[in-house]
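This is what each chain is made of:
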Amino acid sequence: MKLTYLKQQVSTLGRFLATMLFFLSAIGFVWHFALFSNPVAMASPAPISVAAADVGDRTKEAADDVAKGSKNLIRDTADKVERAANKNAAKVDRADDEGSGVERKAKRDRDRIEQRAEEDAARTEKAVDKNMNAVKRAVDNIKDAFSN
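Predicted, not measured: the structure shown is a model, and the values here were computed from it.

Calculation criteria
Residues numbered from 1 in each chain as written. Predicted model: local features only at pLDDT ≥ 70, side-chain atom pairs only at ≥ 80, totals over all residues. Heavy atoms only, no water. Helix = DSSP H or I, 4+ residues; strand = E, 2+ residues; numbered from the N terminus. Contact = heavy atoms within 4.5 Å. Areas by Shrake-Rupley, 256 points an atom, 1.4 Å probe, with all protein chains shown as cover. Patch = residues over 30% accessible without salt bridge, like charges linked within 9 Å, V, L, I, M, F, W, Y side chains within 5 Å. Salt bridge = Lys/Arg side-chain N within 4 Å of Asp/Glu carboxyl O. Buried < 20%, exposed > 50% of the residue type's maximum accessible area, 1.4 Å probe, protein only. Core = buried A, V, L, I, M, F, W, Y, C linked by side-chain atoms within 4.5 Å. Lys, Arg positive; Asp, Glu negative; His and termini not counted. pLDDT = per-residue confidence, 0-100.

Scanning the protein chain from N- to C-terminus turns up 4 helices and 0 strands. Each helix (α) and strand (β) of the protein chain, taken in turn from the N terminus, gives the series α-α-α-α. Within the protein chain, contacts between residues at least 6 apart in sequence are counted, and of these 80% link residues at least 24 apart. Just so you have it, the protein chain exposes about 11,600 Å², and 62% of that area is on carbon and sulfur atoms.

In structure tokens, the structure reads:
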């Protein structure tokens, strides 16, 4: 019984030591590359600010591209939902020529679906804009930190 308990304790200690060694080596690699990757940058901060500005501009352009693609996807989805609602309402209209309650309900549903699709698309586009503006502000803050 004692042997099993001892094995468990040694196994736990071994896992702890392996995890600690892994994290220490990861910290060492990050530290090494951060300090010694560009020795000229340590002597003069000017290249860092130029590089940071260039990277910041590319990041902002990428954020704009992502926002534009996201908005196009949102608009396409809203249009597809509206087309599906119109198609379903047209099917009900063709099936029932007398203007019954089912046809009126189908048209009300179509109108409601179109309205909600537009509201959801607008709300989602607003959220995309908000997130992209946050990314741009973060990039500007980082650029300002490197330029000082």
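We are not done yet, so read on.
Before going further, it helps to spend a moment on a nonpolar patch on the surface. On the surface, Leu-13, Phe-16, Leu-17, Met-20, Leu-24 and Ile-27 cluster together into a nonpolar patch covering about 600 Å² of accessible area. Along the polypeptide, Ile-27 turns up in helix H1 (residues 2-36). Look at Ile-27 and you get exposed, because its relative accessible area is 51%.

In this structure, Ala-63, Ala-67, Ile-74, Ala-78, Ala-121, Val-128 and Met-132 together form the largest nonpolar core, which totals 7 residues. Counting residues per element, the ones that place at least two in this core are helix H3 (46-95) and helix H4 (101-147). Among the elements that take part in this core, H3 stands out by supplying 4 residues, more than any other. Apart from the residues within four sequence positions on either side, Val-128 is in contact with Ala-67, Ser-70 and Ile-74.

Here the focus is the side chain of Glu-82. Among the secondary structure elements, Glu-82 is positioned in helix H3. Arg-75 provides the closest opposite charge to the buried, salt-bridge-free Glu-82, at an N-O distance of 5.6 Å. Excluding anything up to four places from it in sequence, Glu-82 contacts Glu-114, Ala-117 and Glu-118.

The next point concerns the pattern of salt bridges. Applying the stated criterion to the full structure yields 7 salt bridges. Here Lys-105 and Asp-109 are joined by a salt bridge, their closest N and O atoms 3.1 Å apart. Placement of the pair is Lys-105 and Asp-109 together in helix H4, with a separation of 4 residues, close to one helical turn. The partly exposed category is assigned to Lys-105, whose relative accessible area is 43%. The class for Asp-109 is partly exposed, based on a relative accessible area of 23%. When the shortest N-O distance is used, the salt bridge between Asp-111 and Arg-110 registers 3.3 Å. Since its relative accessible area comes to 22%, Arg-110 is described here as partly exposed.

A few words on the side chain of Glu-125. Its location among the elements puts Glu-125 in helix H4. With relative accessibility at 16%, the residue Glu-125 sits in the buried group. If we skip the residues at most four places from it in the chain, Glu-125 touches Lys-71, Ile-74 and Arg-75.

The next subject is the confidence of the model for the protein chain. With 76% of its residues at a pLDDT of 70 or more, the protein chain shows a mean pLDDT of 76. The least confident element of the protein chain is helix H2 (residues 39-43), whose mean pLDDT is 51; the most confident is H4, at 83.

Here Val-102 lies in helix H4. Along the sequence, Val-102 and Ala-89 sit 13 residues apart, while their C-alpha atoms lie 9.9 Å from each other.

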